[in-house]
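Results of the structural survey
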Amino acid sequence: MKSVELIDASKAYGNGPSVIEKLNVKINPGEFFVLVGPSGCGKSTILRMIAGLEDITSGKLLIGGQPANTLPPSKRSLSMVFQNYALYPHLSVRENITFGLKARRIGKEVLEKRLRDAADMLDLGRYLDRKPRQLSGGQRQRVALARSIVSEAPICLMDEPLSNLDAKLRGRMRSEIRQIQRRIGTTMIYVTHDQIEAMTMGDRMMVLHDGHQQQIGRPIDVYNHPKNTFVASFIGSPQMNLTPVVYDAAKKLLRLNKDWTLPVDLPFSSRDLTLGIRPANIRPDERAGENAIRLSIKVSDVEILGNETLLTFLVNDQIWTAKWEGQWSIPGGTVCQIAVSAEDLLLFDRENGKCIHDPKRPSKPEEVTV
Amino acid sequence: MAMERAQVERTGGLPATVAREKLFRRILGRQPAAWLYLMPSLILFAVFVFYPLFKTIYLSFFLSDMKGLPTVFIGLDNYVRLFSSPEFIQSAGSTLLFVLYTVPATIIIALILALLANEKLKGIGFFRTIFSSSMGISVAASSVVWLFIFNPSAGILNRILSLFGLRGINWLADPNWALFSVSLTTIWLHLGFTFLILLGGLQNIDEHLYESANIEGAGYFYQLRRITLPMLSPTLFFVITVSMIDAFQTFGQIDLLTKGGPGNSTNLIVYSIYQKAFINFDFGSASSAVVVLFFCILLVTALQFKFGERKVHYQ
Amino acid sequence: MRIVKQTSLYVVLTALSLVLFFPMLYAFSASFMSAQEVLLGHFLPSTLHFENYLQAFQDVPLFRFLINSIFISLVVTFGVLAVSSMAAYAFVFLDFKGRKLLFVLFISTMMIPWEASMIPNFVTVQQLGWINRYAGLTIPFFASAFGTFLLRQYFKTIPKEMQEAAQIAGIGHFRFFMNVVLPVSKTSLVTLGIYTFLTTWNAYLWPLLTTTDELVRPLQIGLRQLQSQETVNEWGVVMAAVMVVAVPTLIVLFIGQKHLQKGLTDGALK
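Residues numbered from 1 in each chain as written. Chains lettered and ligands numbered in written order. Predicted model: local features only at pLDDT ≥ 70, side-chain atom pairs only at ≥ 80, totals over all residues. Heavy atoms only, no water.

With that out of the way, let us pick up the overall build of chain C. From N to C terminus, chain C includes 14 helices and zero strands. Going from the N terminus to the C terminus, chain C shows its helices and strands as α-α-α-α-α-α-α-α-α-α-α-α-α-α. The C-alpha radius of gyration of chain C comes to 23 Å, more than 25% above the 18 Å expected for a compact globule of 270 residues. For the C-alpha atoms alone, the extent of chain C along its principal axes is close to 75 × 70 × 30 Å. The buried share of chain C, reckoned over its 270 residues, is 57%. Partitioning the contacts of chain C with sequence separation of at least 6, the portion at a separation of at least 24 is 72%. (Helix = DSSP H or I, 4+ residues; strand = E, 2+ residues; numbered from the N terminus. Rg over C-alpha atoms; globule rule 2.2 N^0.38 Å. Buried < 20%, exposed > 50% of the residue type's maximum accessible area, 1.4 Å probe, protein only. Contact = heavy atoms within 4.5 Å.)

This is the structure:
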């Protein structure tokens, strides 16, 4: 397996502004690495730069430690799965899977064995003689996977491979892809706009916004300790509640508006901040601990999703959401008490969005081990 | 791993080669192979379209010898002579008249046929095939058939006239009728292609438009005027242009039916060019007529684009 | 109501079909008539005079012309398919300097009527020694702006990812072109093929100029020759020759009508 490393990699079209700005990341051999961000953030462009389908304007790309900026795509030891699968419509499943192998003049026996293994792994044995149009979306997806598996390339790139599938199938394929990747141990670089895929599949992920890397880390670390408001709002569902606040150092409290204050003691002077709190960290009054900060709110809407309940209410003219365990049938308009604990509050600099207060963050970030 | 063996070989390369490669790329683009794929077309276009086009313009400024080769440069004399020759004026007039006779008639008839053939009926495919059949019949074959039909004694047209007690018409030899007869042949000949294109255009119109119009209770002719024709306008636009250009280029019918006669009444422009160039071998004078024809066709296309485009409703 | 409408539609359609197809039916019928019957203006032959066909093949080397026409049309068809599909491939899948400009140049050749280049082309072909040669009747027609345009429209619908997948798998351009693009575009190749076959088969002016003897002369010019040779009375023989000229293309058209209609409208309008 091979590592992939980008050093100050940037991309611009013509003389236009850069669409990718100074990317620095090292993806370890055998790692499942997810590039996640909203559409248009440049994640697919990065993948295509790694694949060699787009030029790298400046910076370096190392594959397996070797410079690879000018290598043609076929020499970069990788395979790629596309969002629309890019199957050849006139070829059978078997021919689709082996098309690339034949081009590389791989012997018939080896080819047959790899085809058999991949077909077994993906349960495609029965469909080998069909044409792509005779297959369902999920089966086509598997053919695309099989095509990438048989190449035995040490690096596999996937560009939104699940976005054309329905929700149920998507869930199944998520774990299937994860398992296959573990089994064959390939280095995986996976692009998605879906933060759930990023959270559940990746060993590590990189969050991107407008061509800038926002944060790299294990999904759980990114979730718990977002570096800025963008990451905070993008990762996690429902979204983290974010609202502008002012810290009053003299009275040691956070002022949301004239009635709402949260008493907290913070190690800095009075300033404008953005407060962030995860919906799951807003608790019903009776389930909160002694030290919790209590606020009374007027419920505007309640959605019961089976065994959890989403409450929405207005804070500072902004919609906040709370996620409570269990089924709470509260009529809209009810005033009730909520509780938050001081250690769940994240504070961001209002100017640049950077996280400046995160009580739970370990003083020294853990080393990432794969 | 198989692909690992295909080692990452070129590790950057020497700076000089990289620079040369970059220069190469800047001149030829990312994939110089493109020129290989384009080469056959480019060579053929150069030899058989662009070179001759300029050569024709060049020839039109020269007198030519008996073999048709240019001899003396005479500037615009060929053009001056062309426009002062009554023969050419007549030929241009006949051509315009011919366009007027054939283009609107062909399109209107083809449109009616296409509207009928666009109905969903059992066996409609058969009628469509019949309506488009003239596309599969060559100019030569259909001209010879019409020559037979127009025959004053044996032809069916005069037989029918005599059934009604009317006197036979000398369809091709009577200067009053010859151009009409040639036009009739041409309309029939062009119906197939025009029909096929218009039918295709009709079938491209979204069914839902008619469904919603039906729900709103719009009648057939209202729908025709408000949905079909506007939506068909790009196709009509295309068909009008193609028909006009075709009409300007008419040759085979003339050669087989009338040879330009009687009294030059059907001597359409391409036929007169043919006579000048390949019967009289006066390439200079023929070339000047070609240049005039070329600009006429260019003008038609340009006008169509200018005026047609505005009215056209693109989806 | 519905039935009345349908029946009247059928009546109108049938009537129109008869009128439109009448010239061909009439010619077909006359091709079996004796000279006598033709002169009397009969519409149907009393007995089938097949000897008209024999006569037609004897008067001129009609069989030779038939073979010539088939050969020339097939060569031009495959020539156009090869040359246009290569150019269309370059325009869609290859990135090169001046692509847009060159495409405009290609399209502009559609505006240049064939007649505009006819005289110098005749001289060129003469100098190449291609008069009365198949080469002169075929090679000048290999490059087709219309064909390139039609195929380009179709190639553009092939997902770019397919090419990228091939690139990553190490499949070269030529292999991708031959093994993926061409098979996938079979329908538009067939459309263009039928169209080219028909237009080549029916070509008149150019073969008239470049075939002065019977060796490579195609059917159309052969028909002209026969028609000018035959005495006025032998209409049956001439009509038999017309049938020989028209039936092959009619068959091609009947088979390919659907293809052609779809392909041509797509090509014309997108």
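Right, let's get into the packing of helix H4 (residues 62–93) of chain C against helix H5 (residues 99–108) of chain C. Packed helix pairs are characterised by how far apart their axes lie and by the angle those axes make with each other. All names here are of chain C. The N-to-C vectors of H4 and H5 enclose an angle of 145°; their axes lie 10 Å apart at closest approach. Our pair here, H4 against H5, has a crossing hand that is left-handed. On the side of H4, the interface is formed by Ala87, Ala90, Phe91 and Val92, while H5 contributes Arg99, Leu102, Phe103 and Phe106. Of the residues that constitute the contact of H4 with H5, the class distribution is seven nonpolar, no polar and one charged. (Axes fitted to C-alpha atoms, helices over the stretch in contact; angles between N-to-C directions. Left-handed = near helix turned anticlockwise from the far one by under 90°. Nonpolar A, V, L, I, M, F, W, Y, C, P; charged D, E, K, R; others polar.)

Take the nonpolar core next. Nonpolar side chains in soluble globular proteins tend to end up buried together. Within the largest apolar cluster, 221 residues are counted, with the highest numbers of intra-cluster contacts made by Tyr88(A) and Met239(C). With residues near it in sequence (within four places) discarded, Met239(C) still touches Val144(B), Val145(B), Phe148(B), Ala27(C), Ala30(C) and Ser31(C). (Core = buried A, V, L, I, M, F, W, Y, C linked by side-chain atoms within 4.5 Å.)

Glancing now at empty space enclosed by the protein. By the definition in use, this model includes four cavities of 30 Å³ or more. If you add up the space inside the largest cavity, you get close to 240 Å³. Lining the largest cavity are 20 residues, with Gly100(A), Arg147(A), Ser151(A), Ala165(C) and Ala169(C) sitting closest to its centre. Elements that contribute at least two residues to the lining of the largest cavity include exactly strand E6 (78–81), helix H2 (93–103) and helix H4 (137–150) of chain A together with helix H9 (160–168) of chain C. Looking at which element gives the most residues to the lining of the largest cavity, the answer is H2(A), with five residues. For the lining of the largest cavity, the residue count by class is 13 nonpolar, five polar and two charged. (1 Å grid on protein atoms, 1.4 Å probe; cavity = no way out; pocket = protein on both sides within 12 Å on 5 of 7 lines; lining within 4 Å. Points joined across faces, edges and corners; volume = space filled by probe spheres on them.)

Before going further, it helps to examine the packing of aromatic side chains. Within a pair of aromatic rings, the relevant descriptors are the distance that separates the centres and the angle that separates the planes. Tallied over the entire structure, the rule returns 55 aromatic pairs over all chains. Considering the side-chain rings of Phe62(B) and Phe73(B), the 5.5 Å spacing of their centres and the 75° angle between planes classify their relative orientation as edge-to-face. Of this pair, Phe62(B) sits in strand E1 (residues 62–64) while Phe73(B) is found in strand E2 (residues 70–73), placing the two residues eleven residues apart along the sequence. With centroids separated by 5.2 Å and ring planes inclined at 75°, the aromatic side chains of Phe91(C) and Phe103(C) adopt a geometry described as edge-to-face. Placement of Phe91(C) in helix H4 and of Phe103(C) in helix H5 is noted, with a sequence separation of twelve residues between them. The exposure class of Phe91(C) is buried, given its relative accessible area of 5%. In this structure an aromatic cluster arises from ring pairing among Phe251(B), Tyr271(B), Tyr274(B), Phe278(B), Phe281(B), Phe283(B), Phe122(C) and Tyr204(C). (Phe/Tyr/Trp six-rings, centres within 6.5 Å; stacked < 30°, edge-to-face > 60°.)

Glancing now at the sheet that holds strand E2 (residues 18–27) of chain A. All names here are of chain A. Across the sheet, which stays open at both edges, the four strands sit in the order E2-E1-E4-E5 with antiparallel pairing between neighbours. Across the chains shown, the open sheet's two edge strands, defined by having one partner strand only, are E2 and strand E5 (66–67). As paired strands, strand E4 (residues 58–63) and E5 are joined by two bridges and run antiparallel to one another. If you follow Ile63 over to E5, its bridge partner there is Gln66. Strands strand E1 (4–12), E2 and E4 of the sheet are contacted by helix H1 (residues 43–51), whose axis makes an angle of about 115° with E1. (Pairing = 2+ DSSP bridges.)

So, on to the pattern of salt bridges. Where side chains of opposite charge bring their charged atoms close, a pairing between them can arise. With the rule as written, the count across this model stands at 23 salt bridges over all chains. Close ionic contact of Arg224(C) with Asp255(B) constitutes a salt bridge, the shortest N to O distance being 2.5 Å. With Arg224(C) in helix H13 (residues 219–229) and Asp255(B) in helix H12 (residues 252–257), this pair bridges two chains. Judged by its relative accessible area of 1%, Asp255(B) falls in the buried class. Within the structure, one salt-bridge network assembled from shared partners comprises Lys11(A), Arg48(A), Glu54(A) and Glu164(C). (Salt bridge = Lys/Arg side-chain N within 4 Å of Asp/Glu carboxyl O.)

If you trace the five strands from one edge of the open sheet to the other, you get E15-E19-E16-E17-E18 (chain A), paired in antiparallel fashion. Strands with a single pairing partner mark the edges of an open sheet, and in this sheet they are strand E15 (283–284) and strand E18 (318–325) of chain A.

The next subject is the confidence of the model for chain B. Residues and elements named next belong to chain B. On average, chain B scores 83 in pLDDT, and the residues at 70 or more come to 87%. Looking across chain B, the model is least confident in helix H1 (residues 2–5), with a mean pLDDT of 41, and most confident in helix H5 (residues 86–117), with 93. Below a pLDDT of 50 lies the segment residues 1–14, which in the model reaches 28 contacts outside its immediate sequence neighbourhood of four places, other chains included. (pLDDT = per-residue confidence, 0-100.)

All names here are of chain A. Of all seven residues in strand E14 (residues 271–277), five are buried; the element is thus mostly enclosed. Sheet topology note: the strand E11 (residues 241–248)/E14 ladder contains seven bridges and is antiparallel. Bridging across to E14, Tyr247 finds its partner in Arg271. Examined bridge by bridge, E14 and strand E20 (residues 346–349) share four bridges and lie antiparallel to one another. Following the sheet pairing, Thr274 is matched in E20 by Phe348.

This brings us to unusual backbone geometry. Residue Pro238(A) is reached from Ser237(A) by a cis peptide bond, and omega for that bond is -5°. By secondary structure assignment, the location of Pro238(A) is in the loop between helix H8 (229–234) and E11. In this model, Asp210(A) sits at a positive phi of 50°, which is unusual for a non-glycine residue. Among the secondary structure elements, Asp210(A) is positioned in the loop between strand E9 (204–209) and strand E10 (212–217). With a phi angle near 65°, Asn264(B) is a residue other than glycine that sits in the positive phi range.

This brings us to helix H7 (residues 139–150) of chain B. An α-helical segment advances 3.6 residues per turn. Residues three or four places apart therefore align on the same side. Here H7(B) spans 16 Å end to end across twelve residues, near enough to the 16 Å set by a 1.5 Å rise per residue. Of all twelve residues that make up H7(B), twelve are buried, and the element is covered over most of its length. (Expected span 1.5 Å × (residues − 1).)

In this assembly, 91 residues from chain B lie in contact with 92 residues from chain C. Each partner contributes to the roughly 8,100 Å² buried at the junction of chain B and chain C, and carbon and sulfur atoms together form 76% of this total. The largest share of the area that chain B buries against chain C comes from Tyr37(B), Phe48(B) and Phe148(B), three residues that together contribute 11% of it. Run the count over chain B and chain C and you get eleven residue pairs in polar contact (both at pLDDT 80 or more). The greatest single-element share of the side of chain B that touches chain C, amounting to 21 residues, is contributed by helix H3 (residues 33–59) of chain B. When grouped by side-chain class, the residues that make up the side of chain B that touches chain C number 61 nonpolar, 21 polar and nine charged. (Buried area = accessible area lost by both parts, 1.4 Å probe. Polar contact = N/O pair within 3.5 Å; in protein donor to acceptor, adjacent residues only side chain to side chain.)

Time to look at the state of the cysteines. This structure, assessed with the given rule, holds zero disulfides over all chains. You can see Cys41(A) has no disulfide; the closest cysteine sulfur is in Cys156(A), sitting 19 Å from it. (Disulfide = S-S within 2.5 Å.)

It is worth spelling out a nonpolar patch on the surface at this point. Residue and element names in this part refer to chain B. Taken together, the side chains of Leu97, Leu100, Tyr101, Trp177 and Phe180 define a hydrophobic patch exposed on the protein surface, amounting to about 470 Å² of accessible area. Considering each element in turn, the nonpolar patch owes the most residues, three residues, to H5. The residue Trp177 is located in the loop between helix H8 (156–163) and helix H9 (178–203) in this model. Trp177 gets classed as partly exposed once you look at its relative accessible area, which sits at 30%. (Patch = residues over 30% accessible without salt bridge, like charges linked within 9 Å, V, L, I, M, F, W, Y side chains within 5 Å. Areas by Shrake-Rupley, 256 points an atom, 1.4 Å probe, with all protein chains shown as cover.)

We now examine the packing of helix H13 (residues 269–279) of chain B against helix H6 (residues 118–127) of chain C. For the pair H13(B) and H6(C), interaxial distance at closest approach is 11 Å and the crossing angle is 30°. With respect to H6(C), the element H13(B) is oriented roughly parallel. For the element pair H13(B) and H6(C), the recorded crossing hand is right-handed. Listed contacts from H6(C) to Ile273(B), Ala277(B) and Phe278(B) of H13(B) are Met118(C), Ile119(C) and Phe122(C). (Parallel < 35°, antiparallel > 145°, perpendicular 65-115°, else oblique.)

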